[in-house]
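# Commentary on secondary and tertiary structure
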Amino acid sequence: MTVENKIIPILLCGGSGTRLWPLSRKSYPKQFARLMGQETMFQSSAQRLSGEQFGKPVILTSSDFRFIVTEQLSEIGIDPSAILIEPESRNTAPAILAAALWLQKDDPEALMLIAPSDHIVPDVAAFHKAISVSIEAANAGHLVTFGITPTYPETGYGYLELSEKIDSEYSRTIPLSRFIEKPDRQSADKMLASGNFLWNAGIFLFKVKTIIEAFRTSCPQLLTPVEQSIQNGKPDLGFLRLDPAAWAEAEDISIDYAVMEKADKLSVVPFSSGWSDLGGWDAVWRESEQDENRVALSGNTTAIDCKDTLLRSENEGLTLVGIGLENLIAVAMPDAVLIANKDKAQDVKTAVKTLKQKTIRQAETFPVDHRPWGWFETLVLADRFQVKRIVVKPGGSLSLQSHFHRSEHWIVVEGTAKVTIGQNEQLVSENQSVYIPLGEIHRLENPGKIPMVLIEIQTGTYLGEDDITRYKDVYERK
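If you check an unreviewed UniProt entry, the chain appears there as mannose-1-phosphate guanylyltransferase from Cohaesibacter gelatinilyticus. Listed in UniProt under the heading Catalytic activity (unreviewed entry), the comment for the chain reads: "alpha-D-mannose 1-phosphate + GTP + H(+) = GDP-alpha-D-mannose + diphosphate". Per its UniProt entry, the chain bears the Sequence similarities (unreviewed entry) comment "Belongs to the mannose-6-phosphate isomerase type 2 family."

Have a look at this one:
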């Protein structure tokens, strides 16, 4: 396969993953978490779509995650061809159309593979074979989707009805009859037994010009706003920020509704070698290593006389013990704990909605806040003071800033900090501290080669993250 006809992966990574709360939240969704193994789901997805068969990926994400994306790609040595920043979530159709229009200027004949960034595919070689099977149909102008051979009557997925029954040895695409919404249990049982239904994985392969023409035919109202969002987009530190005004005019609609359900040339590649979107804690339990009692443990956990249960502790200092549990999920975070019947795993999103209505911070906000320079976490939060641990990666630099309502005291506990206060610069080493008066312009940098860690004590009448005035910022944040 030559460079010119390599498949371009399009990785979608803007979802919130509320069904995996409290580990996955709006501020740090599941694709960036290490749910299974040492790599994040986003990193595994990017690696799965790399190699001789693939070109550099195009990433679609939100502004909040742009530096997480670049950092995690850098960790695994993958250089994207473009990172498109969506001003707001508008579902999969506008995102996929934006990627197609972006690629069109260089090669309208290119093949683009659409893939969510939160899937688990253990057998990568089998997945690559399935992709190879789909190339001929995609080059012939078909819209190819990948369907997963169902192994149980799942009600959390949409389904694909095929024109003929599935043979496990299929080495070709199959015509698609129709898309089916998430079914009830009785319908799922019937589809599982029939032999000609697949789970809809949300993975697609087609030519750039084919999908653009499909949008022109089936959903023409999206073309103008998405085209304008690219034309009026602004480069920003290697990203392309799509124009917010034009993007806001794009309809919030999925690719299935916008195009796939109306298209004529639809083909499916069945895939039966293992797949999960980890769409709930029950899926995590199924994909995790289990003992003889079907108990899956992660982190600092202990199970005594438990069956069919998932126990996870996401904090080294927090021990989770289960005694006599059966068919339960227990997930412990530093600031929230989930306990649920495994059969109710899909209802976790309802719990998140309820927490949001009660304006509980943990509904959407993660205890660790990731920034382009590193991360911080709140250790203590009271009415008039807050204690944070701040970690600045080597070469990282916070913005030159000031605050209206708080003063700060910094104590370096690891590494060396370069601190600017007013017109003065100084190096602050381990076990040394500095004080930043209210209203004083200041900056924190890490000039060293190891992460720098400090404890920050804030005091004042208002401690919100929006109490900040930036004067200079190497990351060009507003």
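Past the structure itself, the notes keep going.
Unfilled space is identified by rolling a water-sized probe across the atoms. Here the second largest pocket defines a volume of roughly 1,200 Å³. Lining the second largest pocket are 41 residues, with Leu23, Ala33, Arg34, Glu314 and Phe366 positioned closest to its centre. Breaking the lining of the second largest pocket down by element, the ones donating at least two residues are α2 (66-75), β12 (296-298), β14 (310-313), β18 (368-371), β19 (374-381) and β20 (385-392). The element best represented in the lining of the second largest pocket is α2, accounting for five residues. By residue class, the composition of the lining of the second largest pocket is 19 nonpolar, 11 polar and 11 charged.

Moving on: the sheet that holds strand β16 (residues 328-332). Read across the sheet, four strands follow the order β12-β14-β16-β17 without closing on themselves; strand pairing throughout is mixed. The open sheet is flanked by β12 and β17 (337-341), the only strands paired with a single partner. Shown here is a sheet whose adjacent strand axes are inclined to one another by a mean of 5°, direction ignored. Direction of pairing for β14 relative to β16: parallel, over a ladder of four bridges. Across the sheet, residue Leu310 finds its bridge partner in β16, namely Ile329.

For the structure shown, the criterion picks out 22 salt bridges. A salt bridge links Asp189 to Arg185; the nearest nitrogen and oxygen atoms lie 3.2 Å apart. Of the two residues, Asp189 and Arg185 are both situated in helix α5 (residues 185-194); the distance of four residues between them amounts to about one turn of the helix. Using a relative accessible area of 52% as the deciding quantity, one classes Arg185 as exposed. The salt bridge involving Lys418 is made with Glu425; its shortest N-O contact spans 3.8 Å.

Parameters and conventions
- The numbers attached to residues start from 1 for each chain and follow its sequence in the written order.
- In view of the model being predicted, local features appear only for residues whose pLDDT reaches at least 70, and side-chain atom pairs are presented and counted only at 80 or more, with totals across whole chains, interfaces and linings using the full set of residues.
- Heavy atoms from the whole structure form the basis of all side-chain values; hydrogens and water molecules are not counted.
- UniProt positions are given in the numbering used here, feature names are shortened, and annotations may be inferred rather than shown by experiment.
- Using only the protein atoms, space was sampled on a 1 Å grid; points where a 1.4 Å probe fits but cannot get out form cavities, open sets with protein on both sides within 12 Å along at least five of seven lines form pockets, and lining residues are those with an atom within 4 Å of a point.
- Grid points are joined across faces, edges and corners, and a volume is the space filled by probe spheres set on the points.
- Runs of H or I in DSSP of at least four residues are treated as helices and runs of E of at least two as strands, each being numbered from the N terminus.
- Ten residue types, Ala, Val, Leu, Ile, Met, Phe, Trp, Tyr, Cys and Pro, are classed as nonpolar, four, Asp, Glu, Lys and Arg, as charged, and the remainder, Gly among them, as polar.
- Pairing between strands is defined by DSSP: at least two bridges between the two strands are required.
- Only C-alpha atoms enter the line fits that serve as axes; for helices the fit covers just the stretch in contact. Angles between N-to-C directions range over 0 to 180 degrees.
- One speaks of a salt bridge when a side-chain nitrogen belonging to Lys or Arg is within 4 Å of a carboxyl oxygen belonging to Asp or Glu.
- Whether a residue is buried, partly exposed or exposed follows from its accessible area with a 1.4 Å probe, protein chains only, as a fraction of its type maximum: under 20%, in between, or over 50%, in that order.

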